[in-house]
Amino acid sequence: MLGIRQLLLAVHDLSLPGDPSDDTGRGAPLSRGGRAFTRFAARLGFTGLQLGPQGETTPGDPSPYDATLFRRTTAALSLSQMVAEGSLAAEELEKAVSARPTGALLRADHRFARASADDALRASWERVRGDRAMLDRVEAFSARNASWLAPEGWFDILAALHDTGDWERWPLRDRTLMERDDEEAAQRRAELEAAGAEAIAQLRYRQMLAHEQHEHFRGEAHRLGLRLYGDLQIGIPQRDLWMFRRLLLQALRMGAPPSRTNPEGQAWGYGVLDPDRYGSGAAPGAALAFMRARADKLLDEFDGLRVDHPHGLIDPWVYDALAPSPERAVLDGARLFSSPERPSLARWAIARPEQIDFAEARHADGRVRELGDEQVQRYAVLFDALVAAAAARGLPPESLIVEVLSTQPYPVQRVLERHGLGRFRVTQKASMTDPGDVYRAENARPQDWVMVGTHDTEPLWRVADRWMATGAAAERARYLASRLIADDRERAAFARRVAWSADALARAQLADLFVGPARNVMIFFADLLGMRDVYNRPGMVSEENWSLRVPPDFEARHARAAAQGTALDLPAALALAIRARGAQFAATHRDLLRRLDEATARPE
């Protein structure tokens, strides 16, 4: 009735709640806690879950956006599910649970979760390795996924052989193994497979379990009426740089340009696909084939995708890979396909000099002023591969959720318009002094996604505290009153009430999501639950980052907080959004309004 087509709850699987009886230090979708939270989301009325990247992370960096591209993490396996299926002895689960560190139910302990999963999986392999039916399943899985599974095995063996996963420290023949197709390289791969046969067998078994558990979880979500959305991370992490090095530009790295959030930019250090290896849709080159393989795998496993930083697919911000200071180099970076004035990038320029406003900053949205349709098609080569993969599975273009934040250069805008796709409107960042600000909800288009925050922002409830402390509350409250109160005679009183309390401000900001015109709403789990702890501080690598979890007593805690006005109360927010449409609209739907009012949480 309000025009909202999708209402997604964003939660990375590491943040899923733990049940003390089977939790091993981080969230697991098929654990008791993960299943309970999924049922909770369905009962609240969400239409789907937006999960994060699910690859394997390194011990020193728990960021899912630096995780492997094809290989799934086994730290997210549910050991209780393995016990139920008979592939793990119950005492192995009990051993892992009893050793769980204090506090891991509130903050993920990635090192422990990884270690406990490794121990359990070794025991599980010993238990099943003589089971012919199980080995047939492993063999079938391995055959279907050989293109990425075989290199993963070689990498593991080489990392053990050289006592480091830093492949740049390996001998030359092993550093360049994936770049060569000669007889020597083939012989070396055969040597590795012979020497590491046991490790490869275990890797295949573990990855089969991880993929099967995901499909099991997806089936359970579907039975609850929920769609699952994956996350196509833009970064090619260090491990995958070795596997796909032949597809990458060795002299360049990808980062984030200066923006209103990060004026200094961000030196991500990600690999950049070589445009000379794109080919075309009719004759795909190796880089385009790689993009298609990523899209095919994820869209086989999910019902849609969040496309992380699509600029990196369309017109990436690149900088010198060999510069002594990456932080300084990224500030001096440029867009790969829109920099004909730079000798090192001119060969790949799509925009012509006369189409560029050189008075604008290199990262500015308006630097490229115009493009022809043929040029837009060239910018869109990699992104079109995503759309084609979705279409091949009967999914519409809007099954791709495109993370465009404060920066939308003209080439990115044109490619998204080509497919009718919208951008993100992060309303906690909206300027109260600029009516045209991109983050204000009233400036959204129907195809856009509106949200109060993301995994990269502070929780709304914490931000509202700051609005109160800095004196910004009154202006924010007046703005929200203009959005939520149809009768202008009542707006001033509403604004005064809201400006008095950080919690009231947060509730009004959440209700604003449902007023329109955006048809798609996403809510991060911390904003739903009224949490004030930070999940991720961008640009920081630490054990604390990427660790915040849904508390084990989330359902009771949410009910209590909603009744107290310190968490999102969906019925109350929807009722306020309906009344914001005016008296006539509210009168037309008075029966529903009555039911929503009755369902609104009340203090006990």
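Note: the structure precedes this text.
All of these numbers come straight from a predicted model, not from anything done at the bench. (Residues numbered from 1 in each chain as written. Predicted model: local features only at pLDDT ≥ 70, side-chain atom pairs only at ≥ 80, totals over all residues. Heavy atoms only, no water.)

## Quick notes on the overall build of the protein chain
Consideration 1: Assigned secondary structure in the protein chain consists of 25 helices and twelve strands.
Consideration 2: Computed over the C-alpha atoms, the radius of gyration of the protein chain is 25 Å, within 12% of the 25 Å expected from 2.2 N^0.38 for a compact globule of 604 residues.
Consideration 3: Over its C-alpha atoms, taken along the principal directions, the protein chain stretches across nearly 80 × 70 × 45 Å.
Consideration 4: Nonlocal contacts in the protein chain, meaning residues at least 24 apart in sequence, comprise 71% of its contacts between residues at least 6 apart. (Helix = DSSP H or I, 4+ residues; strand = E, 2+ residues; numbered from the N terminus. Rg over C-alpha atoms; globule rule 2.2 N^0.38 Å. Contact = heavy atoms within 4.5 Å.)

## Quick look at the pairing of strand β7 (residues 317-320)
Consideration 1: Strand direction decides the pairing type here: strand β4 (residues 252-256) and β7, joined by four bridges, are antiparallel. In the strand pairing of β7, leucine 252 is matched with aspartate 320. (Pairing = 2+ DSSP bridges.)

## Let's talk about the environment of tyrosine 319
Consideration 1: As for its placement among the helices and strands, tyrosine 319 is situated in strand β7.
Consideration 2: Taking the relative accessible area as the measure of exposure, tyrosine 319 reaches 5% and is therefore buried.
Consideration 3: Residues tyrosine 319 and leucine 252 lie 67 residues apart in sequence; the distance between their C-alpha atoms is 5.5 Å.
Consideration 4: Not counting residues up to four positions away in its chain, the partners in contact with tyrosine 319 are Ala251, Leu252, Arg253, Met254, Gly255, Ala267, Trp268, Gly269, Pro326, Ala329, Val330 and Gly333. (Buried < 20%, exposed > 50% of the residue type's maximum accessible area, 1.4 Å probe, protein only.)

## Considering the sheet that holds β7
Consideration 1: Reading across the sheet, the four strands line up as β5-β4-β7-β8 and stay open at both edges, with antiparallel pairing between neighbours. The open sheet has two edge strands, β5 (266-270) and β8 (334-335), and neither has a second partner.
Consideration 2: Strand direction decides the pairing type here: β4 and β5, joined by two bridges, are antiparallel. Bridging across to β5, alanine 256 finds its partner in glutamine 266.

## A word on unusual backbone geometry
Consideration 1: Note that the residue after glycine 516, namely proline 517, is joined by a cis bond; omega there is 5°.
Consideration 2: One non-glycine residue, histidine 309, lies in the positive phi region at around 45°.
Consideration 3: With respect to the element layout, histidine 309 can be found in the loop between β6 (304-307) and α12 (311-314).
Consideration 4: Phi is positive for tryptophan 546, which is not a glycine, with a value near 55°.
Consideration 5: Mapped onto the secondary structure, tryptophan 546 falls in the loop between α21 (525-529) and α22 (554-564).
Consideration 6: The exposure class of tryptophan 546 is buried, given its relative accessible area of 6%.

## Some points on the sheet that holds strand β10 (residues 424-426)
Consideration 1: Within the open sheet, the eight strands sit side by side as β9-β6-β3-β2-β1-β12-β11-β10. Their pairing is parallel. Two strands lie at the open edges of the sheet, namely β9 (400-402) and β10, each paired on one side alone. For this sheet, the mean inter-axis angle between neighbouring strands, taken without regard to orientation, is 25°.
Consideration 2: By the bridge criterion, three bridges tie β10 to strand β11 (residues 449-451) in an arrangement that is parallel. (Axes fitted to C-alpha atoms, helices over the stretch in contact; angles between N-to-C directions.)

## Examining α22
Consideration 1: Where α22 is concerned, the buried positions are Phe554, His558, Ala561, Ala562 and Ala563.
Consideration 2: Looking at the buried side of α22, the elements it contacts are α1 (32-44) and α21.
Consideration 3: Where α22 ends, the next residue or the one after it, glycine 565, has phi of about 80°, a positive value.

## A word on the nonpolar core
Soluble globular proteins: nonpolar side chains tend toward being buried together.
Consideration 1: Residues Trp242, Phe383, Phe514 and Phe525 are the most contacted members of the largest nonpolar core, which totals 176 residues.
Consideration 2: With eight residues, the single largest contributor to this core is helix α9 (residues 197-223).
Consideration 3: The residues contacting phenylalanine 525, other than those within four sequence positions of it, are Leu9, Ala10, Val11, Ser15, Met531, Leu548, Arg549 and Val550.
Consideration 4: Core analysis: the second largest hydrophobic core is formed by five residues, Trp317, Ala323, Ala329 and Val330 among them. (Core = buried A, V, L, I, M, F, W, Y, C linked by side-chain atoms within 4.5 Å.)

## What about the packing of aromatic side chains?
Consideration 1: In this structure the tally under the stated criterion is 19 aromatic pairs.
Consideration 2: Residues phenylalanine 70 and phenylalanine 244 carry aromatic rings whose centres are separated by 5.9 Å and whose planes lie at 45° to one another, so their mutual orientation is tilted. With a gap of 174 residues between them, phenylalanine 70 in the loop between β2 (48-50) and α2 (79-85) and phenylalanine 244 in the loop between α10 (238-243) and β4 connect regions that are remote in the sequence.
Consideration 3: With a relative accessible area of 9%, phenylalanine 70 lands in the buried category.
Consideration 4: Residue phenylalanine 244 is classed as buried on the basis of its relative accessible area of 15%. (Phe/Tyr/Trp six-rings, centres within 6.5 Å; stacked < 30°, edge-to-face > 60°.)

## Description of the pattern of salt bridges
Consideration 1: On inspection of all chains with the given rule, the structure shows 52 salt bridges.
Consideration 2: With a shortest N-O distance of 2.9 Å, glutamate 198 and arginine 129 are connected by a salt bridge. One end of the pair, glutamate 198, is in helix α9; the other, arginine 129, is in the loop between α4 (110-128) and α5 (132-144), and 69 residues separate them in sequence.
Consideration 3: Between arginine 245 and glutamate 179 there is a salt bridge; the shortest N-O distance is 2.9 Å. Separated by 66 residues along the polypeptide, arginine 245 in the loop between α10 and β4 and glutamate 179 in the loop between α7 (172-175) and α8 (183-195) bring together distant segments of the chain.
Consideration 4: Of the residues examined, glutamate 179 reaches a relative accessible area of 29% and is grouped as partly exposed.
Consideration 5: Here the residues in one salt-bridge network are Arg71, Glu152, Asp156 and Arg239, joined through shared partners. (Salt bridge = Lys/Arg side-chain N within 4 Å of Asp/Glu carboxyl O.)

## Side note on the packing of helix α19 (residues 491-499) against helix α20 (residues 502-511)
Consideration 1: Contact geometry of α19 with α20 gives a least axis separation of 6 Å together with a crossing angle of 125°. Judged on the interaxial angle alone, α20 and α19 are oblique. In this structure, α19 contributes Phe494, Arg497 and Val498 to the contact, and α20 contributes Ala504, Leu505 and Ala508.
Consideration 2: Looking at the contact of α19 with α20 residue by residue, the classes come out as five nonpolar, no polar and one charged. (Parallel < 35°, antiparallel > 145°, perpendicular 65-115°, else oblique. Nonpolar A, V, L, I, M, F, W, Y, C, P; charged D, E, K, R; others polar.)

## A closer look at helix α3 (residues 90-98)
Consideration 1: Listed as buried for α3 are Glu92, Leu93, Ala96 and Val97. End-on view of α3: buried residues confined to an arc of 130°, all on one side of the axis. In α3, the exposed positions that point more than 90 degrees away from the buried face belong to Glu91, Glu94 and Ser98. (Arc of directions from axis to C-beta.)

## A few points about the packing of α4 against α9
Consideration 1: It is at 11 Å that the axes of α4 and α9 come closest, and there the two elements cross at 105°. In terms of orientation, α4 lies roughly perpendicular with respect to α9. From α4, Asp118, Leu121, Arg122, Ser124, Trp125 and Val128 reach across to α9, where they touch Glu198, Ala201, Gln202, Tyr205, Arg206 and Leu209.
Consideration 2: For the contact of α4 with α9, the residue count by class is six nonpolar, two polar and four charged.

## Looking at the environment of alanine 323
Consideration 1: Within the fold, alanine 323 resides in the loop between β7 and α13 (326-331).
Consideration 2: Its relative accessible area of 19% is what places alanine 323 among the buried residues.
Consideration 3: On a C-alpha basis, the gap between alanine 323 and histidine 12 in space is 34 Å, while along the polypeptide they are 311 residues apart.

Geometric values such as these leave the question of function open.
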